[in-house]
Amino acid sequence: MSVPHEAKPRTTAVVLAGGTGQRVGLSIPKQLLKIAGKAVIEHTLTIFQNAEDIDDVIVLMAPGFVPDVEKIVAKAGLTKVIKIIEGGSTRNETTERAIEALGEGLAEGEDRNVLFHDAVRPLLSQRVIKDCVDALGRYQAVDVAIPSADTIIVTRTHGEDGEFITDVPDRSRLRRGQTPQAFKLSTIRKAYEVAAGDPNFQATDDCSVVLRYLPDVPIFVVAGDEYNMKVTQPVDVFITDKLFQLASTAAPRQADEAAYRELLSGKTLVVFGGSYGIGADIGTLAEQYGATVYALGRSTTGTHVENPEHIDDALSKAYAETGRIDYVINTAGVLRIGKLAETDNTTIQEALNVNYLAPVQIARASYKYLAETQGQLLLYTSSSYTRGRAEYSLYSSTKAAMVNLTQALADEWAGEGVRVNCVNPERTATPMRTKAFGQEPEGSLLSSEAVARTSLDVLLSAMTGHVIDVRQQDPTRDVTEASGFEQALASVLDRQEDV
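Residues numbered from 1 in each chain as written. Predicted model: local features only at pLDDT ≥ 70, side-chain atom pairs only at ≥ 80, totals over all residues. Heavy atoms only, no water.

1. Here we look at the packing of helix H9 (residues 277-288) against helix H15 (residues 448-459)
Then step 1. Between H9 and H15, whose axes approach to 8 Å, the crossing angle comes to 55°. Looking at the two axes, H9 sits oblique to H15. You can see that H9 and H15 cross each other, and the crossing is right-handed. Of H15, the residues touching H9 (which contributes Gly 277, Ile 278, Asp 281, Ile 282, Leu 285 and Ala 286) are Ser 448, Glu 449, Val 451, Ala 452, Arg 453, Ser 455 and Leu 456.
Then step 2. The residue inventory of the contact of H9 with H15, partitioned by class, reads seven nonpolar, three polar and three charged. (Axes fitted to C-alpha atoms, helices over the stretch in contact; angles between N-to-C directions. Helix = DSSP H or I, 4+ residues; strand = E, 2+ residues; numbered from the N terminus. Parallel < 35°, antiparallel > 145°, perpendicular 65-115°, else oblique. Left-handed = near helix turned anticlockwise from the far one by under 90°. Contact = heavy atoms within 4.5 Å. Nonpolar A, V, L, I, M, F, W, Y, C, P; charged D, E, K, R; others polar.)

If you want it as structure tokens, here you go:
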């Protein structure tokens, strides 16, 4: 006789967004601050939207700003968000309101999992979410923490003389608490019910409420991530933005060849820099899947990207002949190596015109066509954009500008549904590179075909504002378990050797 399978309890993420932003020096709540083209809270909600272990999401927002979150949720299509309500004046009151909302509609005796997470921790990994939910299968309360890299001291203030150390705890036993904090709803509800009888009750987190008022309930600790940082101080804004900028993003592959054909058939692509290399390979692939491709370049069509009239003419022709433009791609670029002090004005102007001003002109001219189809602009940066180096000042700086241009335009054009992304290939076998460096060892470079394939995946995705790394796989390293930010940090180190 088989044993009936116990139904898995629903899991709700409660995003606590009651902060005011005063410590960051803002007039709006810090969770509405834009980082990498999106509000901090949108990044956080997207994480839970994409989490397989999360069934739905409730947001507790700072009073007066609920409509702002409603707009973000509607615009981003965050379908797991089922409630957006005002938080309280304190963290305790906000949690109590969340508990009340979570209990609505529950049958008698029914329980659920709940994860309380700070809205201003937008770098949460899927691994931590999964570990928390898995732990709730064995425990009633779960915290997330990381070891302390700093020595922690205990001090006491002696009047006007200032602070003095009274103790230095053993650092090996100290952990820095993060979120989410996960509970069985019945457990956290009971803890707050008991706490309500304490006239001196106050807490800055929910695990401490369980620890103090339900001392017999063990609180399991899940290993957190160093980069699951909280945006609290002005410097946190800068660091978080930089992490998003550096993070590798994987474009989803289509299921099979038929899926590519279905998505690209009847679409129009305009490829600047399409004479050879990555641009030519994108055009070839897209044509094989039924797209109409306009591959433009100096040597084939006489198109000079540094000439705005050439750009306008190319786009006008493609639109006149097909009635639409779905994707605009710019792979054109020049690589000039040398010491800046010894570089003439003509070379400087060429680098600026081709590598920077041309993408700007292409973007501006493409906008009206892409807004009509809700299409995508795809730009390219270089693996050297994260770190300028001697004799590559012009190239590295203009490629870094492509990342900022991508993020700015993704934000600027989001209302019209136009997506903007940037592909960041590591060293790739292209004619431009061969001209600069000669023949290099076989297997040391990415193929332009591989970059083109990833570029198609980006074009067919819903992503916007992302920098997508294309790297050769290292067979000695399993990247499937690494988060995007772990890969980003590894990528930065690798790029020290890249050009």
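Having seen the structure, we can now continue with the description.
2. Points about H15
Then step 1. Compared with the 16 Å implied by 1.5 Å per residue over twelve residues, the 16 Å span of H15 between its first and last C-alpha is a close match.
Then step 2. Of all twelve residues in H15, ten are buried, a share of seventy percent or more.
Then step 3. Buried residues of H15: Ser 448, Val 451, Ala 452, Arg 453, Thr 454, Ser 455, Leu 456, Asp 457, Val 458 and Leu 459, and no others. (Expected span 1.5 Å × (residues − 1). Buried < 20%, exposed > 50% of the residue type's maximum accessible area, 1.4 Å probe, protein only.)

3. Structural notes on the sheet that holds strand E7 (residues 141-147)
Then step 1. In space, the seven strands of this open sheet follow the order E5-E4-E1-E6-E10-E7-E11, with mixed pairing throughout. Unpaired on one side and paired on the other, strand E5 (81-86) and strand E11 (219-223) mark the two borders of the sheet. Neighbour-to-neighbour, the strand axes of this sheet turn through a mean angle of 25°, independent of strand direction.
Then step 2. Here helix H4 (residues 126-135) sits on the sheet and contacts strand E1 (11-17), strand E6 (113-118), E7, strand E10 (175-184) and E11; the angle it forms with E11, its principal contact strand, is near 155°. (Pairing = 2+ DSSP bridges.)

4. A few points about the nonpolar core
Then step 1. Core analysis: the largest hydrophobic core is formed by 34 residues, its most contacted members being Ile 41, Leu 45, Val 57, Val 59 and Ile 129.
Then step 2. Mapped by element, the contributors of at least two residues to this core are E1, helix H1 (40-49), strand E4 (56-61), helix H2 (66-76), E5, H4 and E7.
Then step 3. Element by element, the count of residues in this core is highest for H4, at five residues.
Then step 4. In contact with Ile 129, other than residues within four places in its own chain, are Ile 47, Phe 48, Ala 51, Ile 54, Leu 115 and Leu 124.
Then step 5. Formed by 31 residues, the second largest nonpolar core is a distinct cluster that contains Ala 314, Leu 315, Ala 358 and Met 402. (Core = buried A, V, L, I, M, F, W, Y, C linked by side-chain atoms within 4.5 Å.)

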